[in-house]
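Structural description and commentary
These are the residues of each chain, in order.
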Amino acid sequence: MEVFEHRSTFASTSGTQRGGLASTSFASDPKQLKNAREDIKTLIRNTFCNPILIRLGWHDAGTYDKDIEEWPTRGGANGSLRHDIELSHKANAGLDNALKLLTPIKENYPNITWADLFQLASATAIEEAGGPKIPMRYGRVDAPGPEGCPPEGKLPDAGPPAPADHLHQVFYRMGLSDKEIVALSGAHTLGRSRPERSGWGKPETRYTKDGPGKPGGQSWTAQWLKFDNSYFKDIKEKKDDDLLVLPTDAVLFTDPSFQIYAEKYAEDQEVFFTDYALAHSKLSELGAKFDPPEGFLIDEPSEQLIGDKSFAA
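Let me sum up the structure you'll find in this document. Treat the numbers as computed from the prediction; the structure is a model and nothing was measured. (Residues numbered from 1 in each chain as written. Predicted model: local features only at pLDDT ≥ 70, side-chain atom pairs only at ≥ 80, totals over all residues. Heavy atoms only, no water.)

1. Description of the packing of aromatic side chains
What the rule picks out here adds up to 11 aromatic pairs. Seen in terms of ring centroids, W114 and F118 are 5.7 Å apart; in terms of plane orientation they differ by 50°. Their pairing is tilted. Highlighted residues: W114 and F118, both in helix α5 (residues 114-128), separated by 4 residues, approximately one helical turn. Residues W114 and F118 agree in their burial class; the two are buried. Here F272 and F273 contribute two aromatic rings whose centre-to-centre distance is 5.9 Å and whose plane-to-plane angle is 65°, an arrangement assigned as edge-to-face. One Lys or Arg, R137, reaches over the ring of F290 and ends 4.1 Å from the middle of that ring. (Phe/Tyr/Trp six-rings, centres within 6.5 Å; stacked < 30°, edge-to-face > 60°. Helix = DSSP H or I, 4+ residues; strand = E, 2+ residues; numbered from the N terminus. Buried < 20%, exposed > 50% of the residue type's maximum accessible area, 1.4 Å probe, protein only. Lys NZ or Arg CZ within 6 Å of the ring centre and 35° of its normal.)

Next comes the structure, spelled out in structure tokens:
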């Protein structure tokens, strides 16, 4: 099964329907998705939960294996992370808190899938932090039960013995490129690492001791709720011991396959935003089974511009 590519034909949820598809055939109800997005924005503004929502969406999608054809065995964005067996994986420590945040929204909008909700929340969290508009399509089908959960060990490790080789192994398995690996790494401009969860980072720093949200942890950037290119600039400048740099962060500026992109993103935020938005969109579709098969938009194509190109073009 190939990774879903961005296509020129989508089911429309407003105006004239395309391809004769009625919204009642969709895995998720488009109107409920739009309303859920507004509730997610309110949740983010009240709880500062951008980072954990992004991590939830990533970890649901990031188990994808391009060499496995069968769904949901191939992993990916199928909502399986809602099940306790997958939540208990070491790499998912703390994500039960994200699920608790989203559960009331899911209960309010029962006709959307967990798979769509996870990816909607992740993209919305980026945008609400000042990041780029993520070109998204919806209609992901949920894996039916815990038997659809992937085995443990599919997600990246923060401190492997050979960081570059590890990143290549994990992300190439998903069908992602070196540019996409570096662009996606830039999302560490948001959030903190908590040693009690990951084993990495300080218990607190001057940037995290007062929150917002629950105090503590070590952030990659000083303004860890603002999405920009500070992650790349701060790693390059090595200016502050209170900012976290993991082995998989540092290698972006030492391995030649990554360095060309890391240097570019440190210098040009607009280029980073463009590449990040496309990489995030691709990640959000990995392994997904869509209903309708081509997915559907909840924004007009003109609202999903990346650079000078429309996502639907």
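2. A short note on helix α1 (residues 30-47)
The terminal C-alpha atoms of α1 lie 25 Å apart, and with 18 residues this matches the ideal 26 Å at 1.5 Å per residue to within 8%. Those residues of α1 not exposed but buried are P30, Q32, L33, A36, R37, I40, K41, L43 and I44. By the N-cap criterion, in which a side-chain oxygen at the helix start approaches the backbone nitrogen of a residue two or three places on, α1 is capped by D29, the distance to K31 being 3.1 Å. Positive phi appears at F48, one or two residues downstream of α1, with a value of about 60°. (Expected span 1.5 Å × (residues − 1). Polar contact = N/O pair within 3.5 Å; in protein donor to acceptor, adjacent residues only side chain to side chain.)

3. So, the packing of helix α4 (residues 95-108) against α5
Across the interface, α4 lies against α5 with an axial gap of 11 Å and an inter-helix angle of 120°. Pair α4 / α5 crosses with right-handed handedness. Note on element contacts: α5 touches α4 through W114, L117, F118 and A121, opposite L99, L102, T103, I105 and K106. The residue inventory of the contact of α4 with α5, partitioned by class, reads 7 nonpolar, 1 polar and 1 charged. (Axes fitted to C-alpha atoms, helices over the stretch in contact; angles between N-to-C directions. Left-handed = near helix turned anticlockwise from the far one by under 90°. Contact = heavy atoms within 4.5 Å. Nonpolar A, V, L, I, M, F, W, Y, C, P; charged D, E, K, R; others polar.)

4. Things to note about empty space enclosed by the protein
In this structure the tally under the stated criterion is 1 cavity of 30 Å³ or more. Looking at the largest cavity, it is lined by 12 residues, and the ones nearest its centre are R37, E127, K133, M136 and Y138. With 4 residues, α5 is the largest single contributor of residues to the lining of the largest cavity. (1 Å grid on protein atoms, 1.4 Å probe; cavity = no way out; pocket = protein on both sides within 12 Å on 5 of 7 lines; lining within 4 Å. Points joined across faces, edges and corners; volume = space filled by probe spheres on them.)

5. With respect to helix α7 (residues 178-185)
By the criterion of burial, α7 is predominantly enclosed, with 7 of the 8 residues buried. Along α7, the residues classified as buried are D178, E180, I181, V182, A183, L184 and S185. Buried positions along α7 lie against α2 (50-61), α6 (163-173), α9 (230-237), α11 (256-267) and α12 (269-285).

6. Notes on unusual backbone geometry
Residue P212 is bonded to the preceding G211 through a cis peptide linkage, with omega at 5°. When you line up the elements, P212 lands in the loop between α8 (195-198) and β2 (218-219). In the segment running from D291 into P292, the intervening peptide bond is cis, with an omega of 5°. Its location among the elements puts P292 in the loop between α12 and β3 (305-306).

7. Description of the packing of α7 against α12
Working note: a packed helix pair is described by the angle between its axes plus the distance between those axes. The N-to-C vectors of α7 and α12 enclose an angle of 100°; their axes lie 8 Å apart at closest approach. Viewed along their axes, α7 and α12 adopt a mutual orientation that is roughly perpendicular. Of the residues in α12, those touching α7 at K179, E180, A183 and L184 are F272, D275, Y276, A279, H280, K282 and L283. Within the contact of α7 with α12, the residues separate by chemical class into 6 nonpolar, 1 polar and 4 charged. (Parallel < 35°, antiparallel > 145°, perpendicular 65-115°, else oblique.)

8. A short note on the side chain of Q218
Assignment of secondary structure puts Q218 in strand β2. Here D242 takes part through its backbone oxygen, which lies 3.3 Å from a polar atom of the side chain of Q218.

9. With respect to the side chain of D240
Position of D240 relative to the elements: it lies in the loop between α9 and α10 (247-250). Residue classification places D240 among the buried residues on the basis of a relative accessible area of 14%. A polar contact of 2.3 Å, which involves the side chain of D240, links it to the side chain of Y207. Look past the residues within four positions of D240 in its chain and what remains in contact with it is R206 and Y207.

10. Some remarks on the environment of S185
By the element assignment, S185 lies in helix α7. In sequence terms S185 and Y276 are 91 residues apart; their C-alpha atoms lie 9.0 Å from each other. The contact partners of S185, leaving out residues within four places of it in the chain, are W58, Y231 and L252.

11. Here's the deal with the environment of D234
Mapped onto the elements, D234 comes out in helix α9. The sequence separation of D234 and V245 amounts to 11 residues, and the corresponding C-alpha distance is 9.1 Å. Those residues in contact with D234, other than ones at most four positions away along the chain, are W220, T221, A222, K239 and L243.

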